[in-house]
Amino acid sequence: EGGVKGLWRGNGINVIKIAPESAMKFYAYDEMKKHIKGSDNRDLYIYERLMAGSFAGALSQTVIYPLEVMKTRLALRKTGEFKSIFDCAKKIFKADGVKVFYKGYWPNLFGIIPYAGIDLAVYETLKAYCVEKYVEENRSPNALVLLSCGTFSSCCGQLAAYPLALIRTKLQSQAGLSGKLGLPAEQTHTLGLFRYIIRTEGLKGLYRGIVPNFCKVAPAVSISYYVY
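The rules behind the values
- Residues numbered from 1 in each chain as written.
- Predicted model: local features only at pLDDT ≥ 70, side-chain atom pairs only at ≥ 80, totals over all residues.
- Heavy atoms only, no water.
- Helix = DSSP H or I, 4+ residues; strand = E, 2+ residues; numbered from the N terminus.
- Buried < 20%, exposed > 50% of the residue type's maximum accessible area, 1.4 Å probe, protein only.
- Axes fitted to C-alpha atoms, helices over the stretch in contact; angles between N-to-C directions.
- Parallel < 35°, antiparallel > 145°, perpendicular 65-115°, else oblique.
- Contact = heavy atoms within 4.5 Å.
- Nonpolar A, V, L, I, M, F, W, Y, C, P; charged D, E, K, R; others polar.
- Expected span 1.5 Å × (residues − 1).
- Arc of directions from axis to C-beta.
- Phe/Tyr/Trp six-rings, centres within 6.5 Å; stacked < 30°, edge-to-face > 60°.
- Lys NZ or Arg CZ within 6 Å of the ring centre and 35° of its normal.
- Core = buried A, V, L, I, M, F, W, Y, C linked by side-chain atoms within 4.5 Å.

Colleague: What should I look at first to understand the overall build of the protein in this one?
Modeller: The helix and strand tally for the protein stands at 7 helices and 0 strands. Reading the helices (α) and strands (β) of the protein from amino to carboxyl end gives α-α-α-α-α-α-α. Considering only C-alpha atoms, the protein reaches an extent of 65 × 35 × 35 Å along its principal axes. For the protein, the residues scored as buried account for 40% of the 228 residues in total.

This is the structure:
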């Protein structure tokens, strides 16, 4: 269904959203760290980095979230269902109104706060530790060390937030399809969907698909952090 190019469905809008999302997240993170430090010339404690990262993640996701919803719908579309990004936006808006662009927003917000907080805090803490150790040896940490820090921090964040990310994606996939899927009411909102997954699949159901997610997110995030 869609051939090989179907594996890249939704990638266009994913590329469009990643630039403002990353720029906003890193800018907000730096500004929040400055605000927390104030006039003190010191390193932040890990809980302060966690707070700054959580704020940065929540802000960037809130701003770009409509693009996140459309990315999911475009990735899951049938061949010929949407002609373009604008056609997708028009059709799902016509079906469910403005609120459709924030479908799954709450589980996303509650998931991104621990994810971004843990991810950024662990990365900066590990990076500072590695830099200090290398400086003692009169060396600079190589790219592999910094990429490893980014990979580890991303995996920590994913483990903490993945269940909410899964529920978010399931809700996003319903955007513009109200009444067409024939789903029971329980599966159309966050708490109901959470209970349904636990009841039918157990706790492991909340981590369905985490391995390919690791394969995608870990290298992507670690590279962006290394460049940052």
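Still more to cover.
Colleague: Sorry, what's going on with the packing of helix 2 (residues 46-75) against helix 5 (residues 143-172) here?
Modeller: Two numbers describe a pair of packed helices, the interaxial angle and the distance between the axes. It is the contact of helix 2 with helix 5, at a shortest axis distance of 9 Å, that shows an interaxial angle of 70°. The angle between the axes of helix 2 and helix 5 places the two elements in the roughly perpendicular class. Every residue of helix 5 that contacts helix 2 at Y65, E68, V69, T72 and R73 is listed here: R168, T169 and Q172. Residue composition of the contact of helix 2 with helix 5, grouped by class: 2 nonpolar, 3 polar and 3 charged.

Colleague: Just to check I follow, could you spell out helix 6 (residues 190-201) for this structure?
Modeller: Three or four residues apart is the spacing at which side chains of an α-helix point the same way, because the helix has 3.6 residues per turn. In this model helix 6 runs 16 Å from its N-terminal to its C-terminal C-alpha over 12 residues, within 8% of the 16 Å that 1.5 Å per residue would give. For helix 6, the complete set of buried residues consists of G192, L193 and I197. Buried residues in helix 6, looked at end-on, bunch into an arc of 135°, giving them a common side. Opposite the packed face of helix 6, turned more than 90 degrees from it, sit the exposed residues L191 and R199. Once helix 6 ends, the next one or two residues include G202, with phi positive near 80°.

Colleague: Where do I start with the packing of aromatic side chains in this structure?
Modeller: One pair of aromatic rings is described through two measures. These are the centre distance and the angle between the planes. Using the criterion set out here, one finds 7 aromatic pairs in the structure. Taking the centre distance of 5.8 Å and the plane angle of 25° together, the rings of Y65 and Y102 count as stacked. Taken together, the positions of Y65 in helix 2 and Y102 in the loop between helix 3 (85-96) and helix 4 (105-136) put the pair 37 residues apart, joining distant regions of the chain. Look at Y65 and you get buried, because its relative accessible area is 0%. A ring pair is formed by Y102 and Y105, whose centres lie 5.6 Å apart and whose planes are at 75°; its orientation type is edge-to-face. An aromatic cluster of at least three residues, connected via ring pairs, comprises Y65, Y102, Y105, W106 and F110. Against the face of F26 rests K25, its NZ or CZ located 5.3 Å from the ring centre.

Colleague: I tried to follow the packing of helix 2 against helix 3 on my own but got confused; where do I start?
Modeller: Put simply, helix 2 and helix 3 touch, their axes get as near as 10 Å, and they point 100° apart. By the angle between their axes, helix 2 is roughly perpendicular relative to helix 3. Taking contact as the criterion, the partners of M70, R73 and L74 in helix 2 are, on helix 3, I85, C88, A89 and I92. Considering only residue class, the contact of helix 2 with helix 3 consists of 6 nonpolar, no polar and 1 charged.

Colleague: Mind showing me how you'd approach the nonpolar core here?
Modeller: What tends to happen in soluble globular proteins is that the nonpolar side chains get buried as a cluster. Counting 36 residues, the largest nonpolar core has M70, C88, I92, F101, Y115 and Y225 as the members making the most contacts within it. Where this core is concerned, the elements lending two or more residues are helix 1 (11-37), helix 2, helix 3, helix 4, helix 5 and helix 7 (210-227). Ranked by residue count, the leading element in this core is helix 4, at 9 residues. Excluding anything up to four places from it in sequence, M70 contacts I13, I85, C88, A89, I92 and F101. Core analysis: the second largest hydrophobic core is formed by 8 residues, L166, L171, L193 and I197 among them.

Function cannot be read off these values alone, since they describe shape.
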